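Coordinates in review
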Amino acid sequence: MTSRQTRLRRVVAPVAATLVTAGLVLVGVAAAHAADTLLSQGKPALASTSENGGAPAAAAVDGNTGTRWGSAWADPQWLRVDLGATATVSSVQLIWEAAYARAYQIQTSADGSSWTTIHSKSNGAGGTETIGLSGVGRYIRMYGTARATGYGYSLYEFNVYGTYTNPPAQSGYIPANPPVTGVVPSTQTPPAQNPPSTHHEFQANCYVSRGNVNDDPIVFPNLPGASHSHTFMGNTTTNASTTLASLQAGSTSCITPGDKTGYWMPTLLNADTAVQPVGRQVIYYKSGVIDYRSVRPFPPGLRYVVGSPSATLDEFRNNPGAVEGFECGDSAFNWDVPANCPAGTQLNLRYQAASCWDGRYLDTPDHKSHMAYPVLGVCPMSHPVAVPMIEFKMAWPVSGNMSAVRFSSGRGYSFHYDVFNAWHAPTLAALVTHCINGGLQCDPRGFDLYKPDRGAALNENYELP
């Protein structure tokens, strides 16, 4: 246990009291700002530094007082939020962890470079601070000049209230070119086969390609360092500035050369030590619908997020796709990381993605609305295009006392993952046709060990023959 962890354990009771107070204050703030809007939640955030992979800038604007931004242990430090458009700022609320600012400034900026101080404080007391302001800018930041403790600056939430001069245009829609139209969800049941068709899948086997990187090109494009720490698999070039073209030009850690897709998930931490999966991890491509013959390959550039870092335990457990939860040894179906795992075992998790696409957008502002889960095995009319259902099957080499094991995004049920498709289109099409549409249980070559007479989709080099 680190000295910081020991220190923070000693202040659990005061912090808990602070959070109860914060909850009461939040109610008052909501009433006080009835005429204004909370502008900062979910907006892009950057910081001067981050204490570790589990305390990124984004955690201070996620609406979750269970996550936080933490800085390096030095002065000065800052946390900046991009409101997306020019706004008149009426107040801010800072919900501090035990490590707070004794002295700081609230500043606004039109361009993120030149700053105007609209409030200064030299006697900060931590806890929850609500400050009335009068300022204008697109960017707003807390600029800390003196820490109250020997640690860094640590904020659970940085809430900014006000009104937009001109509301920001809605962005984040990336249209498919061409869109897929005229599709009616299949309600058919495939005829019985002999031998029976019990699986409709193939595997992508991929190593970790990059670890402990605070980038997320889907949620925070072109904002390096803005995300919590991620573990990347597949494409070896994935970073904050990733595009379809950059993925297609990159290389891959997957056994199939044609799979240049970027896959990533929050980094698993044991205390403050990152734990990376060892060896090839299994990413299944399956049919999520009854009529597996209707599944089509992903379009190039399709991207989405599965799950949510702000999910509750019940939301994680009751996800519309199958979630088998965490397991280790004989312990299974845990909805959070188990308290203990037998020595030498691994922590395992399986989590399924949505598999019905609207056919119109490769991405949407929330990175989910263009995708939907099947209903009773049939895609809804709003999302009629059946595409492969991805299932992450991850294994981390951690066991014993698991009390300090968490993800960079929070508790175990904050687990989520991102997919940015960059498959070589003919290779993906061959695997989907042969394995999913063909009702086979395929390895990464597209070979079904139980039906060897059906052959394989790829050659011994995992490439098209």
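Counting starts from 1 at the beginning of each chain's written sequence and moves along it residue by residue. In keeping with the model being predicted, local features are shown solely for residues with a pLDDT of at least 70 and side-chain atom pairs are shown and tallied solely at 80 or more, while totals for entire chains, interfaces and linings include all residues. Side-chain figures throughout are based on the complete set of non-hydrogen atoms in the structure, without hydrogens or water.

Glancing now at the nonpolar core. By size, the foremost hydrophobic cluster in this structure holds 63 residues, and its most contacted members are Y263, Y285, I390 and W396. Comment: elements are numbered from the N terminus, with helices defined as DSSP H or I runs of at least four residues and strands as E runs of at least two. Counting residues per element, this core draws most heavily on helix 5 (residues 425–436), at five residues. W396 has contacts with M265, L268, V275, Q276, P277, Q346, L347, L349, F407 and F415, leaving out every residue within four places of it along the chain. Grouped together as the second largest cluster of nonpolar side chains are 26 residues, A45, V81, V89 and F158 included. Residues grouped as a nonpolar core are buried Ala, Val, Leu, Ile, Met, Phe, Trp, Tyr and Cys residues, joined through side-chain atoms within 4.5 Å. Three labels apply to residues, based on accessible area from a 1.4 Å probe with only protein chains included: buried if under 20% of the type maximum, exposed if over 50%, partly exposed otherwise in between. Any two residues whose heavy atoms approach within 4.5 Å are treated as being in contact.

On to the confidence of the model for the protein, then. Confidence per residue, as judged by the predictor, is encoded in pLDDT with a range of 0 to 100. Here the protein shows a mean pLDDT of 90. Residues at 70 or above account for 92%. Counted against residues more than four places away or in other chains, residues 1–34, with its pLDDT under 50, gives 38 contacts.

This brings us to the sheet that holds strand 22 (residues 356–357). Ordered in space as 24-22-25, the three strands form an open sheet in which the pairing is antiparallel. Where the open sheet ends on each side, the last strands, each with one partner, are strand 24 (371–372) and strand 25 (385–386). Relative to strand 24, strand 22 runs antiparallel, the two sharing two bridges. For C356, the partnering residue across the bridge sits in strand 24 and is A372. Whether two strands pair comes down to DSSP finding at least two bridges between them.

Take a probe with the size of a water molecule and roll it over the atoms, and the empty space left behind shows itself. Quantified by volume, the second largest pocket comes out at close to 250 Å³. The method works on a 1 Å grid over the protein atoms by themselves. A cavity is a set of points holding a 1.4 Å probe that cannot get out, a pocket is an open set with protein on both sides within 12 Å along at least five of seven lines, and residues with an atom within 4 Å of a point line them. Considering the residues around the second largest pocket, the lining is formed by 16 residues, among which V305, G307, N319, K368 and Y373 are closest to the centre. Of all the elements in the fold, those that place two or more residues in the lining of the second largest pocket are strand 17 (303–307), helix 4 (313–317) and strand 24. Looking at the lining of the second largest pocket element by element, the count peaks at four residues for strand 17. In this classification, Asp, Glu, Lys and Arg are treated as charged, Ala, Val, Leu, Ile, Met, Phe, Trp, Tyr, Cys and Pro as nonpolar, and every other residue, Gly included, as polar. Residue classes in the lining of the second largest pocket are distributed as ten nonpolar, four polar and two charged. Grid points are joined across faces, edges and corners, and a volume is the space filled by probe spheres set on the points.

The next point concerns the environment of R303. Take R303: it is sitting in strand 17. Judged by relative accessible area, R303 falls into the buried class, the value being 13%. Ignoring anything within four residues of it in the chain, the contact list for R303 reads I174, I218, L362, D363, H370, V419 and F420. At a separation of 2.9 Å, a polar atom in the side chain of R303 contacts the main-chain carbonyl oxygen of G301. Each polar contact in these results corresponds to two N or O atoms within 3.5 Å; when the atoms are within protein, one needs to be able to donate a hydrogen and the other to accept it, and residues that are neighboring in sequence are counted only if both atoms are side-chain atoms.

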